Amino acid sequence: MTAQGTKDRVQGLKDRILLAALPHVPFDGWSMAALRAGATDARIEPQDLLHAFPNGARDAVAHFSDWADREALKSFAAKGIAGLKTHEMVALGVRARLEAMTPFREAARKATAWLATPRRARLASTLIFRTADRIWRAAGDASTDFNFYTKRGLLSGVILTTTLYWLDDKSEDSRASWEFLDRRIDGVLRVGGTLGKAAKAAGRFDPAPILRRFRRAA
């Protein structure tokens, strides 16, 4: 088997366990108990579970984020982006990611709370930056200079605040969340007509302060 074939097989195994475990997360949290229950439901051997997620919940939460990213990009590609402006493409990517997680909103809430601790701040930052990078690339951004970090830093903030809003949104079809997202895009990503002018936002976005407030509220 080729290296790519092996990678695809492992990713498929992780996806199977994750999707089977997600219904258990609201009750067992992001834990080995939830993962074992999912593996049992998916008829996956315990040794394969340990191979897929050797670090337990940490690996599973990271894979949930990766899965949501991939699902968002599939939807993004399927809907087509011809004729859309950059900020519209970016907003579509953020929305598609949240829509992918909608059937698992409570699991997403618990993942957010799980990440909202000081010792997981680096992982939280890494995951949200990766999501922002993937959305920007899907929207056609190929910057490698100062703007690369500025754009991803700004979008990371939009992704996190919109996700927190969405978690408690009771409106029909999450309409209030999409309106909130549009306001955030208008207020942040279109500053000065170009993201490159938002120099003060350069560098990686630090989600820790916002996540701490979320954890206290939760």
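**Side note on the overall build of the chain**
Item 1. Of the regular secondary structure elements, the chain holds 11 helices and zero strands.
Item 2. Mapped from its N terminus to its C terminus, the chain presents α and β elements in the order α-α-α-α-α-α-α-α-α-α-α.
Item 3. Burial status across the chain gives 51% buried among its 218 residues.
Item 4. Counting contacts in the chain only where the partners sit at least 6 residues apart, residues at least 24 apart contribute 69% of the total.
Item 5. Looking at the chain as shown, the accessible area adds up to about 11200 Å², and 53% of this sits on carbon and sulfur atoms.

**Remarks on the confidence of the model for the chain**
Item 1. Per-residue pLDDT for the chain has a mean of 87; in total, 86% of the residues score no lower than 70.
Item 2. Contacts from residues 192-203, a stretch scored under 50 in pLDDT, to residues over four places away or in other chains number 19 contacts.

**Some details on the packing of aromatic side chains**
The relative placement of two aromatic rings is captured by the distance of their centres and the angle of their planes.
Item 1. A full pass over the atoms with the stated rule returns seven aromatic pairs.
Item 2. On the numbers, 4.4 Å between centres and 10 degrees between planes, the contact of Y165 with F180 is stacked. Remark: F180 occurs in helix 10 (residues 175-189) and Y165 occurs in helix 9 (residues 146-167); sequence separation between them is 15 residues.
Item 3. For Y165, a relative accessible area of 33% translates into the label partly exposed.
Item 4. Ring-pair connections join several aromatic residues into one group, and the members of that group are W30, F64, W67 and F104.
Item 5. Stacked on the ring of W114, the Lys or Arg R120 has its end atom at 3.8 Å from the ring centre.
Item 6. The aromatic ring of F148 is capped on one face by R152, whose charged end is 3.9 Å from the ring centroid.

**Describing helix 7 (residues 105-115)**
Count 3.6 residues to each turn of an α-helix, and residues three or four apart come out pointing the same way.
Item 1. Burial runs high along helix 7: nine of the 11 residues are buried.
Item 2. Listed in full, the buried residues belonging to helix 7 are R105, A107, A108, R109, A111, T112, A113, W114 and L115.

**Remarks on the environment of A52**
Item 1. By secondary structure assignment, the location of A52 is in helix 4 (residues 46-52).
Item 2. Using a relative accessible area of 3% as the deciding quantity, one classes A52 as buried.
Item 3. Taking the C-alpha atoms as reference points, A52 and G12, 40 residues apart in sequence, are found 9.7 Å from one another.

**Side note on the side chain of D133**
Item 1. Mapped onto the elements of the fold, D133 is located in helix 8 (residues 121-138).
Item 2. Taking the relative accessible area as the measure of exposure, D133 reaches 16% and is therefore buried.
Item 3. With residues near it in sequence (within four places) discarded, D133 still touches F148 and R152.

Cut-offs used in this document
Residues numbered from 1 in each chain as written. Predicted model: local features only at pLDDT ≥ 70, side-chain atom pairs only at ≥ 80, totals over all residues. Heavy atoms only, no water. Helix = DSSP H or I, 4+ residues; strand = E, 2+ residues; numbered from the N terminus. Buried < 20%, exposed > 50% of the residue type's maximum accessible area, 1.4 Å probe, protein only. Contact = heavy atoms within 4.5 Å. Areas by Shrake-Rupley, 256 points an atom, 1.4 Å probe, with all protein chains shown as cover. pLDDT = per-residue confidence, 0-100. Phe/Tyr/Trp six-rings, centres within 6.5 Å; stacked < 30°, edge-to-face > 60°. Lys NZ or Arg CZ within 6 Å of the ring centre and 35° of its normal.

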